[in-house]
Structure formats: structure tokens, C-alpha cells
Amino acid sequence: MSPATGAHPDLVVRSAQVALGDGVRPAAVVVHGGKIESVLEYAATVRAASDVDLGDVALLPGLVDSHVHVNEPGRTEWEGFASATAAALAGGITTICDMPLNSVPVTTSVDALTAKAEAARGQCAVDVAFWGGAVPGNAGHLRPLLDAGVIGFKCFLIDSGIPEFPPLDRDGLRSAMRELSETGAPMIVHAEDPREVMQPSGPGYDAFVASRPPVAERRAIETVVSAAAATGARAHIVHLAAGECAALISAAQASGIDLTAETCPHYLFFAAEEVPAGHTEFKCCPPVRYAPNREALWRALEAGVIGGVVSDHSPCTVEEKRLAEGDFRTAWGGIASLQVALPAVWSVARKRGRTLADIARWMSAFPASLAGLSDSKGGIFPGADADLVAFDATAAFEVRAADLRHKNPVSPYDGRTLAGVVRRTWLRGTEVTPDGPRHGRLLRRGGTELDA
Ligand SMILES: [Zn+2]
């Protein structure tokens, strides 16, 4: 019997491999009213309306992807809430956090947030939260945006590629972070220093990588560390690509500065040596670097210096990607990977002896915490939303870009075989499918509904 209402639970999901906060073990997850009520022994007697035994198929907490460019309204031909959330659901992600740029308008004012929420409403297959944007001159909009429901703020220290989302300079970063210092909301930063970035010397991939060297990330992170130290605000480095910066981040963390970092599946999966000539679907900023750097990123992730892995799903049209020309100077930078983020990371992680508990920590708990959603998302624990993913960790599949639910069929993973297949998904206790009814809600920091 459920202590909450006196009625029987709605659902129990059993698995021999449940990814819990303290490891992977057999368990039964009891769900009532959309929430996880308890976590019991695998064979526990529970009188639930529905009893699902997954056997050896693993059960993960629904992943939280805190770095997604949905691009709607305004560039809906690049992606959109309907396609992005269906792709997320197909990939085991039950909450996405939308970036403030590449949409029109960019989310730098309350009106723009309202426009975005209106565009999203009714279309979402998974839960969606929104980042606000910090740009020159909008420091006065930050507190109102937080009150209106954004989960924190994104800024750039270098050209974003979008004229209406210009970068902050050192002083602008500090004023914006000062606005946030009392709020607990993070400033998440695209950290490349424009003084260390140059024009590529040619159209190829090596020239592109050389034009955006690790030192550009290092100098920008130093700027962020100083701003965090000066203001006391929480800072976060998005898409860390230069493994050598782990030492700098670790030192800042050790000295008590409120700094975290994420990396992305493509930096952990690919290496520059393997990028075929002219394949601009591999272009993103900062770039995928060479194999020793990939190893350094893995070690920083395993050591906990990098806290999590999120997709930085940043699609565009086939045309914008300039696949025919194969010129890395002119192609749009961004890798679409919402649907394959989990298997891409798992494919490498399992060979390194990591477990699904690591995956749950990196791809669910950490991003949920960053987004201020930890009370209801990010793990399988009593009181959490019953966002659950049945993950067949030993199965494999070949990625076909054209078959992904992303709006545009462009993927550097095309043709790759990845480990791990999402079999079933529950969102707040309701089993959901990418083609089914849209049960996603719009969330504010703290996890309550944006409307409420
Ligand atoms: Zn991004």
C-alpha cells in the first residue's frame, strides 16, 4: 500500500542492473503518482497495477541533457522542439535544457523567453527547461529572467557565430556574474579566448584544429576563474575540449572556487586523426582534438574534474554544413548527437571498465544539478520523478544518419556501430514513445512547471 494516498502503486519496474547512486545492482523501482516511491529488493512483493520485469536489461535514470540547441523559434529548419524532443526520447534522455541562442529571438529578455515557451508548449516528448543568455548590455534582464523561469545563463567570450548573441568581455562577464552571485544560478561559459584564435591556413581539418588551439580554452578559463573568484558566483565551462585544462580547473576547484566543467560525446569518441578529409559534419567549436587529448579528457572525467557529459546538440541544415564543398572554414560548426549521446559514451566507457552508475552520474545526476533540477531529476531515488530508461547495455546498432529523429540527416556517427540500445522509456511514470502523445512539461529552476 502506498503511504501517500492509501492506493496501490501504479507501476513497479524490476531489473537485474539498476543504476543507483551507489552502484549497479538488482532492484525493484516502485512508482506512484509519477514519482519514485521506493527502491526495493529485486523480488520484493509489490501489488502494483503494472509489474515490468526487465531481467538483464538495465534500468537507468532518464538522462538530463543540459546542453541542447533546439533553434525554435526562428531556425526551426535546423531543428525544433518536436524533432529534438523525439530524438532525445529515442536516445534515453527525458529532460533537455535548451540553449538561448540560434533561436530567433535569442533568450536574452523575458519577452524572448515567453516566445520560446509558447513555441515549445504542446510539442515536447520530454521535459524541457531553458537557459537565458547574458550578452553585452542585458545585465538588468538577468534577475527578471530568473524570476520568469530560466535555469541560469549562457555567455560566450568569443564570437558565437550569431550576430544577435555577442560575446562578453572580461568586465561584462564580471558584471553579469555579480548579478548572479546571490542566486545560486550558474553562469555557463563558452570558453575560448579570441586573442588566441586565428584564421585557418587552409580548408582542411588539421588547419581548422590548429586555428583554435588548447591555449585559447586555457586563457578563457583563466578569465572565468578570476571572475568566479571575484564575484563568488557559480561558473561552469561548457564543452571542454582541451584535456590540458583539467589541471587549471582542478586547481580552481581545490581552492574553493565554484567551478565545474562538462565535456561532450564527440570529444570522448572521436579523434582528429580519424576525421576523413572534407567531412565537415565533424566541425564544432572548440574542435575535436587528437587522440592523446581524448585520453586526457577521459582521465579528467574519471577523476571527477570534469563533472558530466552532455551532447551540445547543435544541428543545422545540410546546406549550412557545406558537405559538398568540404571546407572547414565556411561550414557551420556544431555536431548533432542527441539521439546517440548515450550509446556513444557507453561504447567507450564500458571498454574502460566504467559502469552504468558512472553513466548515470555523468549524464543524469551532474547535469540535473547544474540545471537546478536535482530535487526531481537526475537519479533513481524516492521522491524523484519516475523518469526511467530500459537500456540494453550489451546490444549494439549501426547508426544511420537518415534514420535518426534529428531534423537534418547529418551525423559524424553515420555508419558507426555503437553499444547500448534504449528499449523502453517512462516519463513521470508513464511509458512514452517518440511517436506517441507529447507528455513533456516545461520546467523552471527547482523543477516546478514554468506555467505554475
Ligand atoms: Zn552549444
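Below is a short write-up of the structure. Numbering of residues begins from 1 in every chain and follows the order in which that chain's sequence is written. Owing to the predicted nature of the model, reporting of local features is limited to residues with pLDDT of at least 70; listing and counting of side-chain atom pairs is limited to 80 or more, with chain, interface and lining totals taken over all residues. To obtain the side-chain values, all non-hydrogen atoms of the structure were included, while hydrogens and water were left out.

Looking now at the overall build of the chain. Counting from the N terminus, the helices are the DSSP runs of H or I reaching at least four residues and the strands are the DSSP runs of E reaching at least two. Secondary structure assignment for the chain yields 11 helices and 18 strands. Each radius of gyration is computed over the set of C-alpha atoms, and the globule rule expresses the reference value as 2.2 Å times the number of residues to the power 0.38. A compact globule built from 452 residues would reach a C-alpha radius of gyration of about 22 Å, and the chain, at 21 Å, matches this within 12%. For the chain, the C-alpha atoms occupy an extent of roughly 65 × 45 × 45 Å along the three principal directions. Only protein chains enter the accessibility calculation, which uses a 1.4 Å probe; a residue is then buried when its area is under 20% of its type maximum, exposed when over 50%, and partly exposed in between. Expressed as a percentage of its 452 residues, the buried residues of the chain come to 61%. Pairs at least 24 apart in sequence give 74% of the contacts found in the chain among residues at least 6 apart. For the purpose of charge, His is not counted, nor are the chain termini; Lys and Arg are scored as positive and Asp and Glu as negative. A single reference atom marks each charge: NZ on Lys, CZ on Arg, CG on Asp, CD on Glu. Side-chain charges of the chain comprise 41 positive and 53 negative groups, with the mean position of each set lying 2 Å from the other. Contact between two residues is taken to exist if any of their heavy atoms lie within 4.5 Å; hydrogens are not considered.

Note on placement: Arg428 falls in the loop between β16 (417–427) and β17 (430–432). With relative accessibility at 14%, the residue Arg428 sits in the buried group. N or O atoms closer than or at 3.5 Å make up a polar contact, with two conditions inside protein: a donor-capable atom paired with an acceptor-capable one, and, for residues adjacent in sequence, both atoms drawn from side chains. There is a polar contact of 3.2 Å between the side chain of Arg428 and the backbone oxygen of His439. Leaving out residues up to four positions away in the same chain, Arg428 has contacts with Gly34, Asp127, Lys377, Asp385, Ala386, Asp387, His439, Gly440 and Arg441.

Rolled over the atoms, a probe with the dimensions of a water molecule shows which regions are left empty. When its volume is computed, the largest pocket comes out at roughly 590 Å³. If you go around the largest pocket, you meet 30 residues; those closest to its centre are Asp159, Ser160, Gly161, Arg212 and Cys285. Among the elements of the structure, β10 (153–156) and α5 (205–211) are those that each provide at least two residues to the lining of the largest pocket. Residue type decides the class: Asp, Glu, Lys and Arg count as charged, Ala, Val, Leu, Ile, Met, Phe, Trp, Tyr, Cys and Pro as nonpolar, and the leftover types, Gly among them, as polar. Classifying every residue of the lining of the largest pocket gives 12 nonpolar, 12 polar and 6 charged. Only protein atoms enter the 1 Å grid used here. Points where a 1.4 Å probe fits but cannot escape make up a cavity, open sets with protein on both sides within 12 Å along at least five of seven lines make up a pocket, and a residue lines them when an atom lies within 4 Å of a point. Grid points are joined across faces, edges and corners, and a volume is the space filled by probe spheres set on the points.

On to the coordination of the zinc ion. Each protein donor to the zinc ion is listed here as His67 (NE2), His69 (NE2) and Asp312 (OD); together their distances run 2.1 to 2.2 Å. Sequence spacing of the donor residues for the zinc ion, all on one chain, is H-x1-H-x242-D. One end of the pair, His67, is in strand β6 (residues 63–68); the other, Asp312, is in the loop between β14 (308–309) and α10 (341–349), with 245 residues separating them in the sequence. For the pair His67 and Asp312, one class covers both residues: buried. Counted as donors are the N, O and S atoms within 2.8 Å of the metal, or 3.2 Å for Na, K and Ca, while water is not among the atoms, so some sites may look incomplete.

Here the focus is helix α6 (residues 214–231). To estimate how far a helix should reach, multiply one less than its number of residues by 1.5 Å. Taking 1.5 Å per residue, 18 residues should reach 26 Å; α6 reaches 26 Å between its end C-alpha atoms and fits that length. Buried within α6 are the following residues: Val215, Ala216, Glu217, Ala220, Ile221, Val224, Val225, Ala227, Ala228 and Thr231. Following α6 by one or two positions, Gly232 has its phi on the positive side, about 75°.

Take the sheet that holds strand β7 (residues 93–98) next. Taken in spatial order, the 4 strands of this open sheet run β6-β7-β8-β18, and their pairing is parallel. A strand with exactly one partner marks an edge of an open sheet, and here the two such strands are β6 and β18 (442–443). Note on pairing: two strands pair once DSSP finds at least 2 bridges between them. Pairing geometry for β7 and strand β8 (residues 127–130), over 4 bridges, is parallel. Residue pairing across strands places Thr95 opposite Asp127, the latter belonging to β8. Structural elements are reduced to axes, namely lines fitted to C-alpha atoms, with helices fitted over the stretch in contact, and the angle between N-to-C directions of any two is expressed from 0 to 180 degrees. Strands β7, β8 and β18 of the sheet are contacted by helix α2 (residues 110–120), whose axis makes an angle of about 170° with β8.

Attention now moves to the pattern of salt bridges. Definition used for salt bridges: Asp or Glu carboxyl oxygen within 4 Å of a side-chain nitrogen of Lys or Arg. Enumeration according to the criterion identifies 28 salt bridges in this entry. A salt bridge links Arg170 to Asp171, with the nearest nitrogen and oxygen atoms 3.1 Å apart. What makes Arg170 partly exposed here is its relative accessible area of 49%. Judged by relative accessible area, which is 48%, Asp171 ranks as partly exposed. Two residues, Arg289 and Glu217, come together in a salt bridge whose shortest N-O distance is 2.6 Å. Remark: Glu217 occurs in helix α6 and Arg289 occurs in the loop between α8 (265–269) and α9 (291–302); sequence separation between them is 72 residues. The same class applies to Arg289 and to Glu217, which are both buried. Among the ionic contacts, a cluster of salt bridges with common partners joins Lys35, Asp127, Lys377, Asp385, Asp387 and Arg428.

The final tally for this structure, using the stated rule, is 3 cavities of 30 Å³ or more. Approximately 70 Å³ is the volume attributed to the largest cavity. Forming the boundary of the largest cavity are Glu281, Ser314, Pro315, Cys316, Lys321, Gly334, Ile335, Ala336, Asn408, Val410 and Pro412. For the lining of the largest cavity, the per-class residue count stands at 6 nonpolar, 3 polar and 2 charged.

This part covers the packing of α10 against helix α11 (residues 356–370). α11 packs onto α10 with a crossing angle of 135° between their chain directions and a minimal axis gap of 11 Å. It follows that α10 is oblique to α11 by the angle criterion. When the axes of α10 and α11 are compared, the crossing they make is right-handed. Two secondary-structure elements touch here, α10 through Ala341, Leu342, Val345, Trp346 and Ala349 and α11 through Leu356, Ile359, Trp362 and Met363. Of the residues belonging to the contact of α10 with α11, the class tally is 9 nonpolar, no polar and no charged. Here the word oblique covers every angle except those under 35 degrees (roughly parallel), over 145 (roughly antiparallel) and from 65 to 115 (roughly perpendicular). A clockwise turn of the near helix away from the far one marks a right-handed crossing, whereas an anticlockwise turn of less than a right angle marks a left-handed crossing.

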